[in-house]
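Here are the chains, one letter per residue:
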Amino acid sequence: MRKGPVFLFLSIIILLLTGRAEAVTILEDDFTDKSKINMSQTTARVHTDDGGYIQLDHNRAPSALDVFGDRYAVVTQNGVEVYQYDTLTNQVQLNDSLSPPPLINARGVALTHDSYSMWVLTEHELLKYEYNGGMIQNPFLSVAGLSNVLAVTAHSTDDHVIVLTEDEEGKGIINWYSNVDGTLSYVPELSLTTDYMNARSVSMVPGTMDYVVITDDAAYYHSFGVETYNPFLSVSGRSDLVAGSTQDGETSYLLLSGDSTEYITSTGSEPVTIDALSQSNIEKSIAVSLNPGSYDRAILTEDGDVQYYSWVGDCFMRNSAMEVTGLELMSLFENPGWYYSVTINSATDYDEVKITAIEEKPAGTIINYYVSNDNGATWHDIAPDNWIQLPVEGNRWIVKAELSTNDESVTPKLHFIALEVSKFAIFDFEVVNITAPNDGISYTDRPLRLKAGSEVTFRVQTTGFGEDTIGIFNPGGVVYLERLDAEPPEPHTDDDSWDMWLGRYVVPLRDSEGNKIAQGTPIIAVIRVYRNGGADYRELDFEAFGIVDGDVTLDNLEVILIQ
């Protein structure tokens, strides 16, 4: 609706005097901690360092690193590269003769300990490479047709391999393969579909055929040939686990989260953590491998660095001679990745919502946002900085974001998110005064018996941070209401979007054609609040607001005659 300059000026003055109504902010998160994130549903990577942000997770590569003695194998963009300590340079160097030919989509590697052979896992195959002046694939010890692969582990000397996959429900599957008469064969009696959700990795205990399955929050120790895990050697209640590695000849293993390691061993009756053999402040780690026969461990980071920690009797020290940096890893991101907030309960039901986001979106990347006010039963897509109205009111709020990329070399980042809620409504219309009222009139009557020329003062309440409020009267035209500086009543005391407006309507003496308003003329009213520059509005309709009953000028004439 077009308004004159005088009205706009007065509106600005009113806003300056009373302050701008705002919505209720029920979520603000800069991701510097995980307290407001539902980590059980969030699949994107959360970085609480560097100011806090969320990005696509790298394709999980829990078995992308395996160390044995003076060498280790790393899964890179080019396949598998083997680095070995060189006594001439006192530094690990790439050993091309021990590295397999370039390979696309490698996912994991497991070294054998009695030769230079290795097992390599790709997206769809398990391959055995053996050394014969160079690395040669053994076609008889290979398996094709794999899907949903997660990790690989192998017996240290014999041809027994476990490939960890997951089913459609997200449960971890142990796929056991053994060399049977010179051919790698699936062994159903040793394979197992577990109930473990969010499986991450598997590690066979060197020198045995026991193995440990690592999920995002637990580690399950399985003795060879036993379907159920050993509760005396297993742990739970962890968080953000990404990989693990077992100690040779012992019931001990190392767990890796994104920023720390935890060394677990058994007392015979229960597993315990050995703090001295555990570490913290290891950032962006994605794979770990214990060096058999020692507490030394190598850790692979997202940045393509292999960090090597040597145990020196009472602590760990970085061993730069065993480290490489800047490897080109599989630069493929898990696509898409999801962020979920925790559920936030609002004291009042709302149906208006806006999110604010600080995001970083390189070319080819996308972030889509969704909101729910019924604890995730239904979702509504929403763009940042825009208010939307939901179909129904609710008070159990969740925000989720889908991060995706069309360029697998880059990821979007979400640095901050806020959720504001409101309820855009107009209500509690109240007449507070009538000049020259008729005898016996009640302000709550509808229709009001009003004299032509009398003035009706009224007020109305709104929520949802209305910008302008008007009354449209017939007869009478448009009345502009002013925002009052008032304290919100119950139940709106915590709702900063609440406003009270005051308006004045004068019953005209004459109609639009200049004729005197006739006795009994009905008065129709619409009280309307606007938002978003007039694009959104709510209104109260009074088909029978009032009826003309008398004339103020006649009252004045009577007074003059009496005098």
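To keep things clear, this report deals only with the structure shown in the data block.

Reading the values: rules and limits
Residues numbered from 1 in each chain as written. Predicted model: local features only at pLDDT ≥ 70, side-chain atom pairs only at ≥ 80, totals over all residues. Heavy atoms only, no water. Helix = DSSP H or I, 4+ residues; strand = E, 2+ residues; numbered from the N terminus. Rg over C-alpha atoms; globule rule 2.2 N^0.38 Å. Buried < 20%, exposed > 50% of the residue type's maximum accessible area, 1.4 Å probe, protein only. Contact = heavy atoms within 4.5 Å. Areas by Shrake-Rupley, 256 points an atom, 1.4 Å probe, with all protein chains shown as cover. Lys, Arg positive; Asp, Glu negative; His and termini not counted. Charge placed at Lys NZ, Arg CZ, Asp CG, Glu CD. Phe/Tyr/Trp six-rings, centres within 6.5 Å; stacked < 30°, edge-to-face > 60°. Lys NZ or Arg CZ within 6 Å of the ring centre and 35° of its normal. Pairing = 2+ DSSP bridges. Axes fitted to C-alpha atoms, helices over the stretch in contact; angles between N-to-C directions. 1 Å grid on protein atoms, 1.4 Å probe; cavity = no way out; pocket = protein on both sides within 12 Å on 5 of 7 lines; lining within 4 Å. Points joined across faces, edges and corners; volume = space filled by probe spheres on them. Nonpolar A, V, L, I, M, F, W, Y, C, P; charged D, E, K, R; others polar.

### Describing the overall build of the protein
Move 1: Broken down by element type, the protein carries two helices and 42 strands.
Move 2: Computed over the C-alpha atoms, the radius of gyration of the protein is 36 Å, more than 25% above the 24 Å expected from 2.2 N^0.38 for a compact globule of 563 residues.
Move 3: In terms of its C-alpha atoms, the protein occupies a principal-axis envelope of roughly 125 × 45 × 45 Å.
Move 4: The proportion of buried residues among the 563 residues of the protein is 51%.
Move 5: Considering only contacts within the protein whose residues lie at least 6 apart along the sequence, 59% involve residues at least 24 apart.
Move 6: As presented, the protein carries roughly 25,400 Å² of accessible surface, and 48% of it is formed by carbon and sulfur atoms.
Move 7: Of the charged side chains in the protein, 33 are positive and 84 negative; the average position of the first set lies 11 Å away from that of the second.

### A look at the packing of aromatic side chains
Move 1: This model, assessed by the stated rule, comprises 25 aromatic pairs.
Move 2: Measuring from ring centre to ring centre gives 5.7 Å for Tyr 177 and Tyr 186, while their planes differ by 65 degrees; the resulting arrangement is edge-to-face.
Move 3: Geometrically, the ring pair formed by Tyr 220 and Tyr 229 is edge-to-face, given 4.9 Å between the ring centres and 65 degrees between the ring planes.
Move 4: Given a relative accessible area of 37%, Tyr 229 falls into the partly exposed group.
Move 5: Through a chain of ring-to-ring contacts, three or more aromatic side chains come together here, namely Phe 429, Phe 458, Phe 473, Tyr 505, Phe 542 and Phe 545.
Move 6: Looking at Lys 400, its charged tip hangs above the ring of Trp 379, at a distance of 4.2 Å from the centre.
Move 7: Across the ring face of Tyr 53, the terminal group of Lys 413 is positioned such that the distance to the ring centre comes to 4.6 Å.

### Things to note about the sheet that holds strand E22 (residues 261-266)
Where strands meet in a sheet, backbone hydrogen bonds hold them as pairs that are either parallel or antiparallel.
Move 1: The strand order across the open sheet built from four strands is E20-E21-E22-E23, with neighbouring strands paired in antiparallel fashion. Each having just a single partner strand, strand E20 (241-246) and strand E23 (271-273) make up the two edges of the open sheet. Pairwise comparison of adjacent strand axes, ignoring direction, gives a mean angle of 25 degrees for this sheet.
Move 2: The pairing of strand E21 (residues 253-257) with E22 spans four bridges and is antiparallel. In the sheet register, Tyr 253 faces E22, and the bridge partner there is Ile 264.

### So, the layout of surface pockets
Move 1: In this structure, the largest pocket occupies an estimated 1,200 Å³ of space.
Move 2: Forming the boundary of the largest pocket are 46 residues, of which Thr 43, Asp 57, Arg 60, Arg 200 and Glu 334 lie nearest the centre.
Move 3: Listed by contribution, the elements that provide at least two residues to the lining of the largest pocket are strand E2 (45-47), strand E12 (149-154), strand E17 (199-204) and E20.
Move 4: It is E2 that contributes the most residues to the lining of the largest pocket, three residues altogether.
Move 5: Here the residues of the lining of the largest pocket sort into twelve nonpolar, 17 polar and 17 charged.

### A word on the pairing of strand E19 (residues 219-222)
Move 1: Judged by which residues are buried, E19 turns out to be covered on both faces: Ala 219 and Tyr 221 on one side and Tyr 220 and His 222 on the other are all buried.
Move 2: Pairing of strand E18 (residues 211-215) with E19, which is carried by four bridges, proceeds in the antiparallel orientation. What sits directly across from Val 213, in E19, is Tyr 220.
Move 3: In this structure, the hairpin formed by E18 and E19 is closed by a connection of three residues.

### Observations concerning the sheet that holds strand E11 (residues 135-143)
Move 1: Strand order in the open sheet made by the four strands is E8-E9-E10-E11, with antiparallel pairing throughout. Where the open sheet ends on each side, the last strands, each with one partner, are strand E8 (106-111) and E11. Put simply, the sheet's adjacent strands are angled 30 degrees from each other on average, direction ignored.
Move 2: Alignment of E8 against strand E9 (residues 118-122), held across five bridges, turns out to be antiparallel. Along E9, the bridge assignment pairs Gly 108 with Leu 121.

### Focus on unusual backbone geometry
Move 1: A cis amide bond links Arg 446 with the next residue in sequence, Pro 447, at an omega value of 0 degrees.
Move 2: Here Pro 447 shows up in the loop between strand E34 (425-434) and strand E35 (448-452).
Move 3: Note the cis peptide between Asn 474 and Pro 475, where omega equals 5 degrees.
Move 4: Tracing the backbone shows Pro 475 in the loop between strand E37 (468-474) and strand E38 (477-480).
Move 5: One non-glycine residue with positive phi stands out, namely Asp 181, at about 55 degrees.

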